[in-house]
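Coordinate analysis (summary)
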Amino acid sequence: MRPLPPLLHPLRDRVFTHRLACRLGVPRKRLQASDITSLHRGLYCHGPTAPSEAAVVAGLELLHPGLHASHQTAARVHGLGLPAALQKAAELHVSRGNEQPVLRLHGTVCHRLAVHPGEVQTVLPPLDGPFEATGLRIATPARTWLDLAALLPFEDLVAVGDQVVRIPRARFEGRIDPWATPAGLSRLLDAHPNFTGIRTARAALKDVRVGSDSPPETKLRLALVRSGLPEPELQVRLDPEDQWSPEADLGYRHFRVAIQYEGASHRTPEQLRRDNRRDAQFDKARWRYLKFDSADLFDGFARACREVREALCQAQNENPA
């Protein structure tokens, strides 16, 4: 058997269209070789690994102008936390305007939506994206939150909203401004009064807060409030006047009760050292310091609610004034 002729460099390990392959003189038989996968009619991928969702959507947009990544696909590209079932779902979600014809693509959920200016953005093309692509068209994080309103359970929708409005950490994320503000999300809802899921979105927005750094932190806060406890402050700094002072994820400053949720990122040696230094400073300041983890998330934070209630009662008994 003859070895396959090498693919031209612009197409290697990339998503590419049939149109581009023809323009570069690639014979039809070469496109049927084992190292090339047909993704959709007119869209191929070369290489041993599956292409990213972003690359596939960028390719589809070349074939079907006006299309953009949306819903779960947009959430995953933006890095918004989703429930496990949606995070792992295989199908792509794309959208185009109501004025455009219905689009049917194998393995892809195609939505037709009313889309207003500013609700779709163009980001740099993915590294494994189609050679012709000038960028990936994708729903903004705020619009993605609205699109998910008809799909997500209430608490998960609040959690995504919290991620959209949170203040990013420039050191890790390369940006200093939030994707949106609660007021901006409110204006977005006003612009789509008849959108499917609008009631759920309006209810969720009432519980969206700036300061939750992860979905588990959001769910811990909601569980505390649901159990009848006062709503905690978020990102509680030990010394509010010192920007370098250690912070707890949640807490009740008046009662000197601090609450921390520790996810997988807290298990590295470096993070453990930082956590230990933070914990020691709260202890030295005589705060009650409570820590919870994924086991508590799994049981709906029932233990967390009991322990926080006990800590608040103890603090109130010690300082009745």
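These numbers were taken from a predicted model, which means no experiment stands behind them. (Residues numbered from 1 in each chain as written. Predicted model: local features only at pLDDT ≥ 70, side-chain atom pairs only at ≥ 80, totals over all residues. Heavy atoms only, no water.)

1. Notes on the sheet that holds strand 12 (residues 288–292)
Taken together, the 4 strands give an open sheet; going across it, the order is 9-10-11-12, and neighbouring strands pair in mixed fashion. Looking at strand neighbours, the two that pair on one side only are strand 9 (233–237) and strand 12, the edges of this open sheet. When strand polarity is set aside, the average angle formed by the axes of neighbouring strands in this sheet is 40°. Note that strand 10 (residues 247–252) and strand 11 (residues 257–261) share 3 bridges and pair antiparallel. Looking across to strand 11, one finds that glycine 251 is bridged to alanine 258. Contacts from helix 14 (residues 302–318) reach strand 10, strand 11 and strand 12 within the one sheet, and its direction differs from that of strand 12 by about 175°. (Pairing = 2+ DSSP bridges. Helix = DSSP H or I, 4+ residues; strand = E, 2+ residues; numbered from the N terminus. Axes fitted to C-alpha atoms, helices over the stretch in contact; angles between N-to-C directions. Contact = heavy atoms within 4.5 Å.)

2. Examining the nonpolar core
Trp145, Leu146, Val160, Val164 and Leu185 are the most contacted members of the largest nonpolar core, which has 27 residues in total. At the level of elements, helix 6 (141–147), helix 7 (154–165), helix 9 (182–191) and helix 10 (198–205) are the ones that each hand at least two residues to this core. A per-element tally of this core places helix 7 first, with 5 residues. Leave out the neighbours within four places in its chain, and tryptophan 145 touches Leu157, Val160, Gly161, Val164, Leu185, Leu189, Ala201, Ala204 and Leu205. Within the second largest apolar cluster, 19 residues are counted, among which are Ala69, Ala133, Leu136 and Ile138. (Core = buried A, V, L, I, M, F, W, Y, C linked by side-chain atoms within 4.5 Å. Buried < 20%, exposed > 50% of the residue type's maximum accessible area, 1.4 Å probe, protein only.)

3. A few points about the packing of aromatic side chains
When we look at a pair of aromatic rings, we describe it by the centre distance and by the angle of the planes. What the rule picks out here adds up to 4 aromatic pairs. Measuring from ring centre to ring centre gives 6.1 Å for tyrosine 261 and phenylalanine 301, while their planes differ by 75°; the resulting arrangement is edge-to-face. You can see tyrosine 261 sitting in strand 11 and its partner phenylalanine 301 sitting in the loop between helix 13 (294–298) and helix 14, a full 40 residues away along the chain. Side by side, tyrosine 261 and phenylalanine 301 carry an identical accessibility label, which is buried. Centroid distance phenylalanine 282 to tryptophan 287: 5.4 Å. Interplanar angle 80°. Geometry classified as edge-to-face. Judged by relative accessible area, phenylalanine 282 falls into the buried class, the value being 0%. (Phe/Tyr/Trp six-rings, centres within 6.5 Å; stacked < 30°, edge-to-face > 60°.)

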